[in-house]
Amino acid sequence: MRVLCVDPGEKRIGLAVSDPSGTIARPLIILEHRSREADAREIVNLAESLGVGLIVVGVPYTWNGTIGPAARRALRLADAIRAVGSVAVITWDESGSSQRAQSLLREMHASRKKRREPLDHRAAAIILQDFLDAQTDLKARPTHKPETEDDEECHKA
């Protein structure tokens, strides 16, 4: 399933999309913020045109996990997206994604000009890759099925 990630900001909204298998994230586009409703409609239209099955909205929780002003804005955008479209919407902690995007550009020895460009869509790709990796980790966890009744009793104890 293809997944779209939204990294909402005050001025810009970064978008990233996964490959059809839901394994690899890539930066997609940066939208200029207009209004919550207009942004939600544009995001839903894009999601539908890409055949997205899930929209992940990044929420910047504070360092201690509480909801600050930026997180409230992100949660309101997630609600607006839900209200406009039929694609499932979830939220995901995106704390520090912009800093990680900047660090990644430095590690890649990107030019100063490239590092000064808006990072919103790159941050969205980092958020999305974190989400996709977490889903893969959940799927990879082994589940133990008892082979005998004795084995089952042993696990109940």
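Each remark here, short or long, concerns the structure printed above.
Just so we're clear, the structure is a prediction, and the values are computed from it rather than from any experiment.

A.B. asks: What is the right way to look at the pairing of strand β2 (residues 12–18) in this model?
C.D. replies: In regular strands, side chains alternate between the two faces of the sheet. In terms of burial, β2 is largely enclosed, as 6 of its 7 residues are buried. Sheet topology places strand β1 (residues 3–8) next to β2; 5 bridges connect them, and they run antiparallel. Its bridge partner being in β2, C5 is matched across the sheet by A16. Relative to strand β3 (residues 25–32), β2 runs antiparallel, the two sharing 7 bridges. Bridge pairing links A16 to P27 in β3.

A.B. asks: What is the right way to look at the nonpolar core in this model?
C.D. replies: Most often, soluble globular proteins keep nonpolar side chains buried together rather than apart. Ranked by internal contacts, the top residues of the largest apolar core, which has 19 residues, are L4, V6, I43, I55 and I81. Residue assignment for this core shows that the elements contributing at least two residues are β1, β2, α1 (36–50), β4 (54–59) and α2 (69–84). The residues contacting I55, other than those within four sequence positions of it, are L4, V6, I43, A47, I81, V87, A88, V89 and I90.

A.B. asks: Can you walk me through the pattern of salt bridges in this structure?
C.D. replies: Considering all chains together, one arrives at 4 salt bridges under this definition. The salt bridge involving E10 is made with R73; its shortest N-O contact spans 3.4 Å. Of this pair, E10 sits in the loop between β1 and β2 while R73 sits in helix α2, and the two are 63 residues apart along the sequence. We classify R73 as partly exposed; its relative accessible area is 34%. Note that D120 is salt-bridged to R12, the shortest N-O span being 2.8 Å. In this pair, D120 is assigned in helix α5 (residues 120–140) and R12 in strand β2, connecting sequence segments 108 residues apart. Overall, D120 belongs to the buried group, its relative accessible area being 14%.

A.B. asks: Looking at this structure, how should I read the sheet that holds β4?
C.D. replies: In any sheet, the strands associate via hydrogen bonds between backbone groups, in a parallel or an antiparallel arrangement. Taking strand neighbours across the sheet as the criterion, the 5 strands line up as β3-β2-β1-β4-β5 in an open arrangement whose pairing is mixed. Across the chains shown, the open sheet's two edge strands, defined by having one partner strand only, are β3 and β5 (88–93). Direction aside, neighbouring strands of the sheet carry axes that sit 25° apart on average. Inspection of the sheet shows β4 paired to β5 by 6 bridges, in the parallel sense. Across the sheet, the residue bridging to V59 is D93, located in β5. The strands that α1 touches are β1, β2, β3 and β4; relative to β3, the one it contacts most, it runs at about 145°.

What counts, and at which threshold
Residues numbered from 1 in each chain as written. Predicted model: local features only at pLDDT ≥ 70, side-chain atom pairs only at ≥ 80, totals over all residues. Heavy atoms only, no water. Buried < 20%, exposed > 50% of the residue type's maximum accessible area, 1.4 Å probe, protein only. Helix = DSSP H or I, 4+ residues; strand = E, 2+ residues; numbered from the N terminus. Pairing = 2+ DSSP bridges. Core = buried A, V, L, I, M, F, W, Y, C linked by side-chain atoms within 4.5 Å. Contact = heavy atoms within 4.5 Å. Salt bridge = Lys/Arg side-chain N within 4 Å of Asp/Glu carboxyl O. Axes fitted to C-alpha atoms, helices over the stretch in contact; angles between N-to-C directions.

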